[in-house]
Amino acid sequence: MTFKRVAAASVAALMVGSPVMADLVFPSLSYRTGPFAAGGIPYADGFADYFTMLNERDGGIGGVAVSVPECETAYNTEKGVECYESTKGMGALAYNPLSTGITYQLIPKATADDIPLYTPGYGRTSAANGNVFSHVFNFPANYWNGASAAINHVLELNGGDLKGKKIVLLHFNGAYGKEPIPTLTKLGEKHGYDLTTIPIDYPGQEQKAQWLQIRREKPDYVLFWGWGVMNQVAIQEAANIRYPMDQFIGVWWSGAEHDVKPAGDKATGYKAMTFHGVGSDYPVFGDLQKYVVDAGKAAGDGSNVGTVIYNRGVYAAMMLAEAAKKAQEIHGVADITSAQMRDGLEQLEITNARMAELGMEGFGPEFKVSCANHGGPGAIAIQQWDAAAGKWSLISDFGASDMEVIQPLIDADSAAYAAENNIEPQCN
Amino acid sequence: MPEQLLFAMEVTLNGLMAGVLYALVALGFVLIFKASGIFNFAQGMLVVFAAMTLVGVQTGQIPFAHLINTIFGTKIHHFGWTVPTIIAIIVAGAAMVLVAWIIEKYILQHLIGQPDIILFMATIGMWYFMHGFAPLMWGSEVMKLDVGLAQGINETIDTTTYGWFGYGFFIDNLDIVAAIVAALLVTALVLFSQYTKQGRALRAVADDHSAALSVGISLRFIWVLVWSIAGFVALVAGIMWGSKSGVQISLAEVALKALPVLMLGGFTSIPGAIIGGLIIGVGEQLFEFAIGPLVGGATQAWFAYVLALVFLIFRPQGLFGEKIIERV
């Protein structure tokens, strides 16, 4: 009798403890530990908090609760793949691996498993070609859009003429950091500037040689593709050699609060690209505060709300939530599958009116995903740091990137991938 | 003077300064290896823990706040006060003494007489433990470290060299401070080991554990002492490196910079750590300046190791290390 009671209680406990199979499952491959935790924590918090808000405020998506099981990758590719394998059986609808290395490993796996990958602002840039990468979505912007947006900003500052200007790309000496080189090279041929690339090896604690070179060459602008401690050191070294901060422009992974704060006042004027809004002056953050933080349901302690990387997590979660909603509409079911989720992502349309309804008016550009275009509009704004105010401010609108240059690069790279992997075009 | 020569001179000076910073990290390894024959894999984490504790105390941060908040549902972060830098340094130094005592009592004491490889493995375990423990105690955010050290270009050197050569050299004020601090630290360590009772006991233990024990020297005390000194050196290194990048877990990676310095200078020589650091610093900066652009740049990460390996071929004990002679 006692054994039966224990067994019954165990079964009941398991039923309560296990994820409800009807939930919409969006695993979060997070990194709250390791050398990149300072960026990983706010992203994971923002991602989880947005879904928690939907559960608390709206009862989930289309009446179905959302669950966000977290798996710690420590930004390690092998661990990331293990996380994918260990969570996909939970009914995962989509993955946001938050690492270019993990993304590259998951592209063939997820495609075979019919699970979409959502990689906003990172991952394989040419995955924007949905004709080849059927299960990868990297809207609203990728690294090549970023490179182009930086040049557009510089063009604007120079009256549209960059002939004879010197531009340095200071970058992480790996796949991520080398991503913008082809685009910047092509744009250099088009606009007549002189590009010098200066790599920094991981982890980037010591950058003396790189900054002495910059001091000698006196470039007009320094573009920066860094991550982790590399960011803080680069900004400090730029301040040390008195490089004009407003001529130093980082990609969105080099433009968070924790990147600029260690340099103090000297970081004022530093710029970074962004594909989403900054600060917490949007109605959605009121709801996040009310339904999540104040209710004690936040993934973190609430102190990251409104910071750059937290906002990026919120934005990514919002996109997935909207795509899930679209999938429910298309297929007429609330409990969607990952294949249906893929359809939702491919037919997603973000309008300004919808952004306003979501309490995120002006937080990002409007766009429409299609079978061929999984990369979105590539619209990017520039943000600038003010150390005295302790905040970033947008100093431009979300501007389009130079697709005349970028599209052929995307086509060539994706065609090479298709040839290597015998992929037939999926769009008619 | 040719422009390239001026640039090379500037690079050399900066290499010397970078070398001092490498040497600061290497010093901690040398102290422990010299006294106990242990290659302390966890030295990089001692740097992180020391620097995190300094900032945490200085800014009045509540230790384990995240853990407390998670368990009890509270929202505490700071005590609401700040602590003067000098007191924060003293408290952080005391914390490193406590860490040394804990390491001796709960790890080393149980491994007396074990082969060196076991002790080395224990320090790997320590590294992993502290890698989790330090952020659990102080959080994973990048902590701004401000102990009032000047940073940025030294105007005097810039102006003077401009007057001489028509080109102003860049030397970071923080690097100058680091060089002075390193010189003082090495002098203090040499004086300590030569002229104090504890220092002589430390040297005796370094020479022969058994002989030192037989004349009444407490091995346990010496280990606590040497790990405390290594902890203090880690604190100094953490201040210098943390001032450049903020304090964060990846500061532990600076230990990677110390390995080639140790291979070059020898694991048992304090002057060797300094000279090794300077050679590595100058070598990697000059190599990057002269050869880097021809091979795609970012040569610093591997050049130091290649240089150390070349040295190993001709002088396995390093420049100043003791030659190991084992009779068959």
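Residues numbered from 1 in each chain as written. Chains lettered and ligands numbered in written order. Predicted model: local features only at pLDDT ≥ 70, side-chain atom pairs only at ≥ 80, totals over all residues.

*Asks:* Summarise helix H12 (residues 270-290) of chain B; cite the residues concerned and give the values.
*Replies:* Between its first and last C-alpha atoms H12(B) spans 30 Å; for 21 residues at 1.5 Å apiece the expected length is 30 Å, and the two agree. With 17 of 21 residues buried, H12(B) lies mostly within the body of the structure. (Helix = DSSP H or I, 4+ residues; strand = E, 2+ residues; numbered from the N terminus. Expected span 1.5 Å × (residues − 1). Buried ≥ 20, exposed ≤ 12 C-beta atoms within 10 Å, placed from the backbone.)

*Asks:* Hey, could you go over helix H7 (residues 181-191) of chain A for me, with residue numbers and the actual values?
*Replies:* It helps to recall that an α-helix has 3.6 residues per turn; residues three or four apart then point in one direction. Residue and element names in this part refer to chain A. Along H7, the residues that are buried comprise Thr-183, Leu-184, Leu-187 and His-191. End-on, the buried residues of H7 take up no more than an arc of 90°, which puts them together on one face. On the buried face of H7, the contacting elements are helix H5 (143-157), strand S7 (166-172), strand S8 (194-200) and helix H15 (403-421). Count one or two residues on from H7 and you reach Gly-192, which has phi positive near 80°. (Arc of directions from axis to C-beta. Contact = placed C-beta atoms within 7 Å.)

*Asks:* Could you give me a rundown of unusual backbone geometry, with the residues and numbers involved?
*Replies:* Between A:Phe139 and the following residue, A:Pro140, the backbone shows a cis peptide bond with an omega angle of 10°. Examined against the element boundaries, A:Pro140 turns out to sit in the loop between strand S6 (136-137) and H5. Going from A:Tyr202 to A:Pro203, the amide bond is cis rather than trans, its omega being 0°. Despite not being glycine, A:Leu98 has its phi angle at roughly 55°, a positive value. On the secondary structure map, A:Leu98 appears in the loop between helix H3 (77-87) and helix H4 (100-113). Phi is positive for B:Ala298, close to 55°, though the residue is something other than glycine. Along the chain, B:Ala298 falls in the loop between H12 and helix H13 (300-314).

*Asks:* Break down the confidence of the model for chain A for me, citing the residues and quoting the values.
*Replies:* Detailed reading of the predicted coordinates is not advisable wherever pLDDT is low. For chain A, the average pLDDT comes to 93, and 95% of its residues sit at 70 or higher. Below pLDDT 50 for its whole length, residues 9-21 of chain A participates in five contacts with residues either more than four positions away or in separate chains. (pLDDT = per-residue confidence, 0-100.)

*Asks:* Outline the nonpolar core, listing residues and values.
*Replies:* Membership of the largest hydrophobic core comes to 236 residues, with the highest contact counts inside it found for B:Leu24, B:Ala26, B:Val47, B:Ala51, B:Val226 and B:Val233. A total of 17 residues in this core trace back to one element, the largest contributor, which is helix H1 (residues 3-36) of chain B. Two domains each provide a minimum of three residues to this core, namely domain 1 (17-141 + 280-378 + 408-421) and domain 2 (143-274) of chain A. The contact partners of B:Leu24, leaving out residues within four places of it in the chain, are B:Ala178, B:Ala182, B:Val233, B:Val236, B:Ala237 and B:Met240. (Core = buried A, V, L, I, M, F, W, Y, C linked by C-beta atoms within 7 Å. Domains from an automatic or database assignment.)

*Asks:* Give me the domain arrangement of chain A: which residues, what numbers.
*Replies:* Residues and elements named next belong to chain A. Taken domain by domain, chain A comprises domain 1 (17-141 + 280-378 + 408-421) and domain 2 (143-274). Once you take the C-alpha centre of each, domain 1 and domain 2 turn out to be 28 Å apart. The interface of domain 1 with domain 2 comprises 13 residues on the first partner and 19 residues on the second. Where the side of domain 1 that touches domain 2 is concerned, the elements lending two or more residues are helix H2 (37-58) and helix H12 (308-331). Its residues assigned to classes, the side of domain 1 that touches domain 2 shows seven nonpolar, six polar and no charged. (Nonpolar A, V, L, I, M, F, W, Y, C, P; charged D, E, K, R; others polar.)

*Asks:* Describe in detail the interface of chain A and chain B, supporting the description with residues and values.
*Replies:* Contact residues are listed per partner, giving 34 residues for chain A and 38 residues for chain B. Looking at the side of chain A that touches chain B, the elements with two or more residues in it are H2, S8, helix H8 (208-217) and helix H9 (229-240) of chain A. A per-element tally of the side of chain A that touches chain B places H9(A) first, with six residues. Among the residues making up the side of chain A that touches chain B, the classes are represented as 15 nonpolar, ten polar and nine charged.

*Asks:* Lay out the packing of H12(A) against helix H13 (residues 338-346) of chain A in plain terms, naming residues and giving numbers.
*Replies:* In helix packing, the relevant descriptors are the interaxial angle and the interaxial distance, both defined with respect to the helix axes. Residues and elements named next belong to chain A. For the pair H12 and H13, the least separation of the axes is 7 Å and the interaxial angle reads 105°. When the axis of H12 is compared with that of H13, the two are roughly perpendicular. Taken together, the residues of H13 that come into contact with H12 (itself represented by Ala-323, Ala-324, Lys-326, Ala-327, Ile-330 and His-331) are Gln-340, Met-341, Asp-343, Gly-344 and Leu-345. The class makeup of the residues in the contact of H12 with H13 is six nonpolar, three polar and two charged. (Axes fitted to C-alpha atoms, helices over the stretch in contact; angles between N-to-C directions. Parallel < 35°, antiparallel > 145°, perpendicular 65-115°, else oblique.)

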